[in-house]
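# Inside the fold
Read off the chains here:
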There are 4 protein chains.
Amino acid sequence: MSALTTGVADRIADLAALYQDLHEHPELSFQEKRTATIVAKRLTEAGFEVTTGVGGTGVVGVLRNGEGASVLLRADMDALPVREIEQVPYRSRATGVGPDGDVVPVMHACGHDTHVTALIGAAEQLAARRADWSGTVLAVFQPAEEIGAGARAMLDDGFLDRFPRYDVALGQHVISAPGGHLYVCPGVFMAAADSLRVTVFGRGGHGSAPQTTVDPIVIASAIVLRLQTIVSREIAATDVAVVTVGSLRAGSKENVIPAEAELKLNIRTFDPDVRLRVLAAVDRIVRAEAAAAGAPREPEITPLNEFPLLVNDEVAAERIIAAFTTAFGQDQVHRSGTKPASEDFGGFGSAAGVPSVFWNFGAFDGQLYADPAQPQLAVAAGAAPGNHSSQFVPNDVEPALRRAVEALLTAAGVWLNGRTRA
Amino acid sequence: MSALTTGVADRIADLAALYQDLHEHPELSFQEKRTATIVAKRLTEAGFEVTTGVGGTGVVGVLRNGEGASVLLRADMDALPVREIEQVPYRSRATGVGPDGDVVPVMHACGHDTHVTALIGAAEQLAARRADWSGTVLAVFQPAEEIGAGARAMLDDGFLDRFPRYDVALGQHVISAPGGHLYVCPGVFMAAADSLRVTVFGRGGHGSAPQTTVDPIVIASAIVLRLQTIVSREIAATDVAVVTVGSLRAGSKENVIPAEAELKLNIRTFDPDVRLRVLAAVDRIVRAEAAAAGAPREPEITPLNEFPLLVNDEVAAERIIAAFTTAFGQDQVHRSGTKPASEDFGGFGSAAGVPSVFWNFGAFDGQLYADPAQPQLAVAAGAAPGNHSSQFVPNDVEPALRRAVEALLTAAGVWLNGRTRA
Amino acid sequence: MSALTTGVADRIADLAALYQDLHEHPELSFQEKRTATIVAKRLTEAGFEVTTGVGGTGVVGVLRNGEGASVLLRADMDALPVREIEQVPYRSRATGVGPDGDVVPVMHACGHDTHVTALIGAAEQLAARRADWSGTVLAVFQPAEEIGAGARAMLDDGFLDRFPRYDVALGQHVISAPGGHLYVCPGVFMAAADSLRVTVFGRGGHGSAPQTTVDPIVIASAIVLRLQTIVSREIAATDVAVVTVGSLRAGSKENVIPAEAELKLNIRTFDPDVRLRVLAAVDRIVRAEAAAAGAPREPEITPLNEFPLLVNDEVAAERIIAAFTTAFGQDQVHRSGTKPASEDFGGFGSAAGVPSVFWNFGAFDGQLYADPAQPQLAVAAGAAPGNHSSQFVPNDVEPALRRAVEALLTAAGVWLNGRTRA
Amino acid sequence: MSALTTGVADRIADLAALYQDLHEHPELSFQEKRTATIVAKRLTEAGFEVTTGVGGTGVVGVLRNGEGASVLLRADMDALPVREIEQVPYRSRATGVGPDGDVVPVMHACGHDTHVTALIGAAEQLAARRADWSGTVLAVFQPAEEIGAGARAMLDDGFLDRFPRYDVALGQHVISAPGGHLYVCPGVFMAAADSLRVTVFGRGGHGSAPQTTVDPIVIASAIVLRLQTIVSREIAATDVAVVTVGSLRAGSKENVIPAEAELKLNIRTFDPDVRLRVLAAVDRIVRAEAAAAGAPREPEITPLNEFPLLVNDEVAAERIIAAFTTAFGQDQVHRSGTKPASEDFGGFGSAAGVPSVFWNFGAFDGQLYADPAQPQLAVAAGAAPGNHSSQFVPNDVEPALRRAVEALLTAAGVWLNGRTRA
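Along each chain, residue indices are assigned from 1 in the same order as the chain's sequence is written. To label them, take the chains in the order written and letter them from A, then take the ligands in the order written and number them from 1. Only residues with pLDDT of at least 70 get local features here, since the model is predicted, and only at 80 or more are side-chain atom pairs given and counted; chain-wide, interface and lining totals rely on the full set of residues. In computing side-chain values, all of the structure's heavy atoms are included and hydrogens and water are not.

An unreviewed UniProt entry annotates chain A as Amidohydrolase of Actinophytocola xinjiangensis.

Here it is as structure tokens:
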């Protein structure tokens, strides 16, 4: 197996430059045109058969290399409407147009730039070292993971018919953990996610005459506080649920009480019953808080998107853990627990009826965020920025990219190269 | 005095058409270019000496008509960032660029279109009936009343030096009351207003990992609810204070916990001590609620604008009440109490050291909003829309415009035409 | 008139001792047995015809002194379930049994001890100086003012039939203002008050398993915060309303989530429409907040007591102001505005169809509470303790008692002694 | 092993009568005098050496029966300050004096009456069937489990020195699950618990003059709502924490704003770091919410009690699971997960340095609480009342008592009777 990763180290300087370029030019979901162009160009140059515009802005590269298993490797390409803080010279100053038509700042605050970079690196390495493996590789660059729509869009665009069948789907995600480390969770790995838009209707009026109005900002605030009680009071402490209000927008002028307020909610659960209880509680609380204010009209609650549970195939995951441990040593490979984050990657496995495995890799040097008295606790304690934070900029880039490329190659190698398996 | 208002009825159809045009084309504060152009054209045609661009987009028309007193008549021209509901064929579909650079809908939700229309009507009538009065009239069309900046801008632009001195300043504002009715309040009439921007800083992150964040939407919501206690608990019930959060904006994506939230507050008071207590309480609550969440940084609280108290000169106001009562009958003229709304009109009186009087006129046929069982209560009960509401579209336009024109002429007549006084 | 007050100064040492004794032995509403016994004894010794047990624990003393007007003077006797802080040597350590059967601390936290003392002083002086007036005096010591039930109870006990008719009813109340000062408000003086008991039903359970419960403490807390919005958002700033939750009780053990919570509310208004709006809003909020939690049963909202508006007869009040001003000087006599406090005293006037007047007297030396830099502002700024506070212990007792006795005599003298009126 | 349980069925009618008597006469922590007297009498009659007054009201019975292992069996005796609803003829009408000196209702709302009954049944059976086992049995009836103080009190009273050494400590607790079923959790079983008393200081005053006060009921309510955010925002969804406010008491009269409010909190955690984060957050929130109101004095936060983690010895637990499964069948024996409830039982194991195992048994026929359409879901769905609820009265008593006695005998038999083990 080491043959597949030989020489990866020499690619890192180039990949780091690519990464900085992608980081500086993030694009919102389904708007990943510049990224897709770069991806297509490099895959083509490496010798892949490349198809663009799959499911919108998705790119698929296929490399056929004789007999053997077929492996799908997937990276997601989209960024988020977050304003990046000043931290690195290649920080994003990009803007985009959000779903509401607003111009918003854009940032790779979830690190998909590292995913794209690592998969390009792995693809180029696979192309360069055709002699060391046999089979077929699909390099899939997916749009719009952040809104749970990109995998679905590619599959709906004839993915299974248009490209070679595959035996396993593999993917990875960067997290706030030390560069070089890998985290694999056999079985249930990530949460189901439901996003909702809640519009609360009051009655607008002059800021000095609240008695002529029904103040939707007060209703929205009461909803936000009362929603906290779902997790704190209605769900068993040993069950898992997250209810986040990620956006609250109402009014624009200080002396005008607006007529309505809009909240966007995101809900994470691992259990169908818990999910239904949370959704019912959200509905109940939103309606009752509007009623408490005497709102003239019922709130509107509309689904925005929905992610299924992400379940790693246990047998495949154990094979990957074994391969990682052999390749990188026990210190660098960890079994992780379930996480309340969500992913639409699983669709590539379930739609094809094949196993899928998704793992995490670190890219943050915890020492930099550490309590000086307890350096080892820094990352664990959450002192490093989390995904989606405006500070989520990897500070341990080169070790992280190298390990992410090696991880893709090593995991793929489990299927591509029978000789490496005992 | 009746000579001054003779023939006003014949002007109403034309004025109503002008009103509908202004209503359909509202402009935000300091952006009243179209309105100012129309005003300047009609004043010029009527024979006024016209100066434009005073204090930005303000227009001043002067009509000299021999010996006698000099009277300033003022209308404000700006509209609000409110989206008008579908109610009338001439509803606004206009947009403008708000102070934050956002594109926002614009509506004459405070009825300044009626003010402009009525003052044009009064100016044209005064020009047409020069024989019936003597003295000087200043017709002042002010920008940017909504942000408390227009009167100040005109005065700072040399107003007192560039235009004739005046003996009294008069103005009026439409309210949600029956067309034809006038409301005058001798003494303290309107509130001092303070507007503040509050920015709350949390720590952003992934919607599924709130434990890595400090959620600013929760902080902002707690602030909104806790601010309610200032009026309910900290100010005597017999004192007057209003604390409104007119805008709350945080985040844009449901699964990203944002790093900050912005609130815009508007505060109304009639008493300097009460004002200081309210401002101190806002500061205390905002800081403590941020501390309750363990916010990594103190909130920022910055003033947006400030309106002084509006005080009607008692002697001048009584003279106007007497003239209104003689002209329109006791049934149509009311003494009103203080109101928590605010106005920057008073600056024209205080800067010149002359009395000023500001009154209200109605333009809403309460029957249309009424509880069918108690039609007489409709307007009093607040069933008609209040100023700044997206429904604040007068439904009794022609009687209201006629009375508003007559009111300006009658009040001005108190000074312009000594012969009418007993 | 000065004849009536001659010698009052000599009674003050004795009255101050009586006051301290009453202060040290406060009794709850309808439990004023010790107080009534003292009152009856002193009135009898002074020569009054005394009836006890009127409306429970009420005492009525009648002194007939020839021809002339008949004047009712009223003091209330009951204390409150408040624990007095250590401030004076004669502080209360008393306890009583509250309406719920609980043993509670008791304190004269509303100063009714000063009312009883002053009326005893005035009664003894009237008895001692029969030569200086003619007519009839009714000295009425009423129970249970704090629960709005004592005046009603005395009237329902045949008061009007059993005792002489009277031409005017007079009463007074101590406030946190300087000793020696009097405050009279012609017209509407005090608020209507409604008290409600709200019982919220959840579902109890183990503190570690909130998901099996509906937590009534969370519901009650949400109600308390949301009730603040009635005054802050639903009532015009220029109207008057107070909504206070004076008691909130739920649970007793930290690891048992209780099944219910009880709140006691007190509402003050001056306007029947505002009152109805507030009561409707309380009902709406309580029910909606229970619904927000999925409460298994509707809350119960039951009236506890109700006070009517207190309106001072304008003519009678002006006569008293004139008499006070002549007697005590303009500096010591003030016209006051309406107050959101409540009183059941007015029943003695309205039931008999005669005018009634109720005034305030001060008993607090503001200097002691003052900001050293602005001593004159101390009381006005609310630095002295307010009625019902555990610190509401007059610190200017002798001047206050003297003036309170003189005020009763002077006001009564307006009716009892025609010779003193111009 | 079956020899030990032979004849248990014949004891159940007598035990059910004992249970009903105990249920009807519950006693608060450290006040279990009547219960202890009954226990001591029956143990003595059965032939145990009995010691009373151990750690207050604790009772220890020792039965020596030749060579072999020594087993401690423990039941807890205390009840809770909960008012039992009318459900069964033997419902409690008892009252007791709480720690604050209040008279409170008392109920066996945590089912310790079933524990006492089952241990008496097991002890009597062991005494009756001495021929079927050998070794020593300690039957320990502990006071004051609910306040986390009874095990500590018995150990501090010389328990280890005064009574025979033992090889294992066993105990059980009734839960809301079907009668006959047993639930065992090897490893970490129950949470650490911290209880706190929080006293919030405002400034009292008259209900109509909140501006002279700092309203502690508003502060307490804001604290309750804000505390919900600890679990919902500050602790990872995959970590376990519960923050319950079990008691909130402030004021007694509706028109008196009290000077302070008291909250009692209960906190459950499984991880020392999480515990410290929760305790720090409670402290931060309580202080900040007091600051938000301008409280004149810092809140006081004092610990009430503290329970350690309850960890079942894994080897011993597996042996018990095996024995249960053999005796009662796989359908009746379940592996359970960790629970956020807490127990002080573990002290008997840790203090002696021996393994301890604690399990649950059911006593509720879920059918009775069921949705008629889905009877099988009733208990799982939480429709049956939870521990500490005023409805927590087992409705499947005889099957539950029989199985609870059999469980004690079977588990004890693992150590007492080598012949039964393979």
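## Observations concerning the environment of Pro385 of chain C
Residue and element names in this part refer to chain C. Numbering goes from the N terminus for both helices and strands, where a helix is a DSSP run of H or I of at least four residues and a strand is a run of E of at least two. Along the chain, Pro385 turns up in the loop between β18 (356-362) and α11 (397-416). A relative accessible area of 8% places Pro385 in the buried class. Spatially, the C-alpha atoms of Pro385 and Arg165 are 39 Å apart, while their sequence positions differ by 220 residues. Residue burial is assigned from relative accessible area. The probe radius is 1.4 Å, only protein chains are included, and a residue is buried under 20% of its type maximum, exposed over 50%, and partly exposed in between.

## A look at the interface of chain B and chain C
The contact rule is simple, with two residues in contact once any of their heavy atoms fall within 4.5 Å. Taken together, the contact pairs 15 residues of chain B with 15 residues of chain C. A combined buried area of about 1,300 Å² lies between chain B and chain C, and 60% of that area is made up of carbon and sulfur atoms. Each polar contact in these results corresponds to two N or O atoms within 3.5 Å; when the atoms are within protein, one needs to be able to donate a hydrogen and the other to accept it, and residues that are neighboring in sequence are counted only if both atoms are side-chain atoms. For the interface between chain B and chain C, the tally reads six residue pairs in polar contact (both at pLDDT 80 or more). When residues of the side of chain B that touches chain C are traced back to their parent elements, those giving at least two are α7 (216-234) and β12 (241-250) of chain B. Buried area is understood as the total, over both parts, of accessible area removed when two parts are fitted together, assessed with a 1.4 Å probe.

## Brief notes about the domain arrangement of chain A
All names here are of chain A. Each assigned domain of chain A is listed with its residue range as follows: domain 1 (2-189 + 309-413) and domain 2 (192-306). Start and end points for every domain follow an automatic or database-based domain assignment. Measuring from the centre of the C-alpha atoms in domain 1 to the corresponding centre in domain 2 gives 34 Å. Listed as interface residues are 11 residues of domain 1 and, on the opposing side, 11 residues of domain 2. Buried surface at the junction of domain 1 and domain 2, both sides included, amounts to about 830 Å², of which 51% is carbon and sulfur. Think of a salt bridge as a Lys or Arg side-chain nitrogen and an Asp or Glu carboxyl oxygen that are within 4 Å of each other. Our count for the contact surface shared by domain 1 and domain 2 stands at zero salt bridges.

## Focus: the relation of the copies chain D and chain C
For these two chain copies, the linking operation is a rotation about an axis paired with a shift along it. With an RMSD of 0.1 Å, the operation that places chain D on chain C is a rotation of 179 degrees combined with a shift of 0.1 Å along the axis. What the rotation and shift describe, once combined, is the action of a two-fold rotation axis. Only residues with pLDDT of at least 70 in both copies contribute their C-alpha atoms to the least-squares superposition of the copies.

## Description of the packing of aromatic side chains
In summary, the pairing rule links any two rings of Phe, Tyr or Trp, Trp by its six-membered ring, whose centres are within 6.5 Å, and it sorts them by plane angle into stacked for under 30 degrees, edge-to-face for over 60 and tilted for everything else. Taken as a whole and assessed by the stated rule, the structure comprises 32 aromatic pairs over all chains. Residues Phe159 of chain B and Tyr166 of chain B carry aromatic rings whose centres are separated by 6.3 Å and whose planes lie at 70 degrees to one another, so their mutual orientation is edge-to-face. Both rings, one in Phe364 of chain D and one in Phe392 of chain D, keep their centres 4.8 Å apart while their planes meet at 35 degrees; by these two values the pair is tilted. Note that Phe364 of chain D is positioned in the loop between β18 (356-362) and α11 (397-416) and Phe392 of chain D in the loop between β18 and α11, a separation of 28 residues in sequence. Given the relative accessible area of 0%, Phe392 of chain D is considered buried. Members of the aromatic cluster, connected to one another through ring pairs, are Phe159, Phe163, Tyr166 and Phe348 of chain A. It is Arg319 of chain A that lies over the ring of Trp415 of chain A; its NZ or CZ is 4.9 Å from the centre. In this scheme, Lys NZ or Arg CZ marks a charge over a ring once it lies within 6 Å of the ring centre and within 35 degrees of the ring normal.

## Quick look at helix α8 (residues 272-292) of chain A
All names here are of chain A. When the terminal C-alpha atoms of α8 are compared, their 30 Å separation across 21 residues agrees well with the 30 Å that a helix rising 1.5 Å per residue should span. Considered for burial, the residues of α8 that qualify are Val274, Val278, Ala281, Val282, Ile285, Val286, Ala288, Glu289, Ala290 and Ala292. Among the residues of α8, the N-terminal cap falls to Asp271, whose side-chain oxygen and the backbone nitrogen of Asp273 are separated by 2.8 Å. Of the residues flanking the end of α8, it is Gly294, one or two places downstream, whose phi is positive at about 70 degrees. Expected helix span is computed as 1.5 Å times (number of residues minus one).

## A few points about the interface of chain D and chain C
Between chain D and chain C, the residue contacts involve 53 residues of the former and 53 residues of the latter. Approximately 4,400 Å² of surface area, both sides summed, lies buried where chain D meets chain C, with 57% of it carried by carbon and sulfur atoms. In this assembly, chain D and chain C are joined by zero salt bridges. The tally of links between chain D and chain C comes to 23 residue pairs in polar contact (both at pLDDT 80 or more). Among the elements of the structure, β11 (205-206), α7 (216-234), β12 (241-250), β13 (256-257), β14 (260-269) and β15 (300-307) of chain D are those that each provide at least two residues to the side of chain D that touches chain C. A total of eight residues in the side of chain D that touches chain C trace back to one element, the largest contributor, which is β12 of chain D.

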